[in-house]
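# Secondary and tertiary structure notes
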Amino acid sequence: MSGAILIDHPLIQHKLTIMRNKETPPPLFRALLREISFLMGYEVTRNMPTEDVEIETPVAKTSQPKLAGRKMCIHSILRAGNGLMEGLLELIPTAKVGHIGLYRDHKDLHAVEYYFKVPNHLDERFNLVVDPMLATGNSAIAALERIKQADAKKITFLCLLAAPEGIKALNEAHPDVTIYTAAIDDRLNEKSYIVPGLGDAGDRIYGTL
Ligand code: URA
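Structure report, in brief. (Residues numbered from 1 in each chain as written. Predicted model: local features only at pLDDT ≥ 70, side-chain atom pairs only at ≥ 80, totals over all residues. Heavy atoms only, no water.)

Turning our attention to the environment of Tyr42. Mapped onto the fold, Tyr42 is located in helix H2 (residues 26–44). Judged by relative accessible area, Tyr42 falls into the exposed class, the value being 61%. Tyr42 sits 45 residues away from Gly87 along the chain, and the two C-alpha atoms are 11 Å apart. (Helix = DSSP H or I, 4+ residues; strand = E, 2+ residues; numbered from the N terminus. Buried < 20%, exposed > 50% of the residue type's maximum accessible area, 1.4 Å probe, protein only.)

Listed below in structure tokens is the structure:
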């Protein structure tokens, strides 16, 4: 048991390998992240509830399934989370979006909050928290604590790459939250970057290297 659900579809692995390559420029990196968010979003939303509604096709009246309940909420851990969130929002345009601004304190790496804006009724929504990199787990743990304070109950965490250290920390702090990832890498280095990883996801998305 790794403590996370691995979505290791060959298409995702192929795109991820191109993203990891340090020669891949930001426009291609962003395009691949968007494509992967579609593929992962398909899997992560697999168990969303549906309800039958009455419609009329050009041929006949019929009862067919639609997503049930309040709209889901995608919570982006800024800024790299936006790369995943924007693709997911294309896939699920009716989703609400929460923004959680956290930065890593350079001394002890703990997460410091600088922005928090989420929709109401989180207790009735499927909450999907996204950040491409699960490294130490500090930001993810803090983000999950914050949305739980805002009443979120049903929560899933989605990342692209996870370090075993981050999975362990997140599982211990939030055992009720399922983690989905496209890869589990080897370890963290002394600067808490994922190895082999892909570098700083925010810098790779926005070209701020
Ligand atoms: N955040 C990143 O963007 N990359 C890492 O390797 C770790 C944390």
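Empty space within the largest pocket amounts to approximately 710 Å³. Of all elements in the fold, only strand S4 (73–78), strand S5 (96–104), strand S8 (133–134), helix H4 (138–149) and helix H6 (201–206) reach the threshold of two or more residues within the lining of the largest pocket. Residues belonging to the lining of the largest pocket are distributed by class as follows: 15 nonpolar, 9 polar and 6 charged. For the second largest pocket, the calculated volume is near 300 Å³. (1 Å grid on protein atoms, 1.4 Å probe; cavity = no way out; pocket = protein on both sides within 12 Å on 5 of 7 lines; lining within 4 Å. Points joined across faces, edges and corners; volume = space filled by probe spheres on them. Nonpolar A, V, L, I, M, F, W, Y, C, P; charged D, E, K, R; others polar.)

The end-to-end C-alpha distance of H4, which contains 12 residues, comes to 17 Å, matching closely the 16 Å that a straight helix rising 1.5 Å per residue would cover. Within H4, burial applies to Ser139, Ala140, Ile141, Ala142, Ala143, Leu144 and Ile147. Asp151 sits one or two residues past H4 and shows a positive phi near 90 degrees. (Expected span 1.5 Å × (residues − 1).)

Quick look at the packing of aromatic side chains now. Applying the stated criterion across every chain, the model contains 1 aromatic pair. The lysine or arginine in question, Arg146, covers the ring of Phe116, its NZ or CZ lying 3.8 Å from the ring centre. (Phe/Tyr/Trp six-rings, centres within 6.5 Å; stacked < 30°, edge-to-face > 60°. Lys NZ or Arg CZ within 6 Å of the ring centre and 35° of its normal.)

Neighbouring the ligand are Arg104, Met133, Ala135, Ser192, Tyr193, Ile194, Gly199, Asp200 and Ala201. Between a nitrogen atom of the ligand and a main-chain N or O atom of Gly199, the distance comes to 2.8 Å. Protein burial of the ligand: of its 230 Å² of free accessible surface, 88% is covered by the chains. When atoms are counted within 2 Å of each cavity's grid points, the one that captures over half of the ligand is the largest pocket. Class assignment of the residues belonging to the shell around the ligand gives a composition of 5 nonpolar, 2 polar and 2 charged. (Near = heavy atom within 4 Å. Polar contact = N/O pair within 3.5 Å; in protein donor to acceptor, adjacent residues only side chain to side chain. Areas by Shrake-Rupley, 256 points an atom, 1.4 Å probe, with all protein chains shown as cover. Sits in = over half its atoms within 2 Å of the grid points.)

In this structure, Lys15 sits in helix H1 (residues 10–20). Judged by relative accessible area, which is 15%, Lys15 ranks as buried. With 20 residues separating them along the chain, Lys15 and Glu35 place their C-alpha atoms 8.3 Å apart. Every residue in contact with Lys15, bar those within four places of it in the chain, is listed here: Leu32, Glu35, Ile36 and Leu39. (Contact = heavy atoms within 4.5 Å.)

This part takes up the packing of H4 against helix H5 (residues 164–173). For the pair H4 and H5, interaxial distance at closest approach is 9 Å and the crossing angle is 25 degrees. Our classification of the angle between H4 and H5 gives roughly parallel. In the crossing of H4 with H5, the sense of the turn from one axis to the other is right-handed. Judged by residue contacts, Ala140, Ile141 and Leu144 of H4 engage Ala169, Leu170 and Ala173 from H5. Within the contact of H4 with H5, the residues separate by chemical class into 6 nonpolar, no polar and no charged. (Axes fitted to C-alpha atoms, helices over the stretch in contact; angles between N-to-C directions. Parallel < 35°, antiparallel > 145°, perpendicular 65-115°, else oblique. Left-handed = near helix turned anticlockwise from the far one by under 90°.)

The subject of this paragraph is the sheet that holds strand S7 (residues 126–130). Reading across the sheet, the 7 strands line up as S1-S11-S9-S7-S4-S5-S6 and stay open at both edges, with mixed pairing between neighbours. Of all strands in the sheet, those with a lone pairing partner are strand S1 (5–6) and strand S6 (111–117), marking the two edges. With 6 bridges joining them, S4 and S5 adopt parallel strand pairing. Counterpart to Ser76 in the pairing with S5 is His99. The sheet strands contacting H2 are S7, strand S9 (154–158) and strand S11 (178–181), and the helix crosses S9 at an angle near 150 degrees. (Pairing = 2+ DSSP bridges.)

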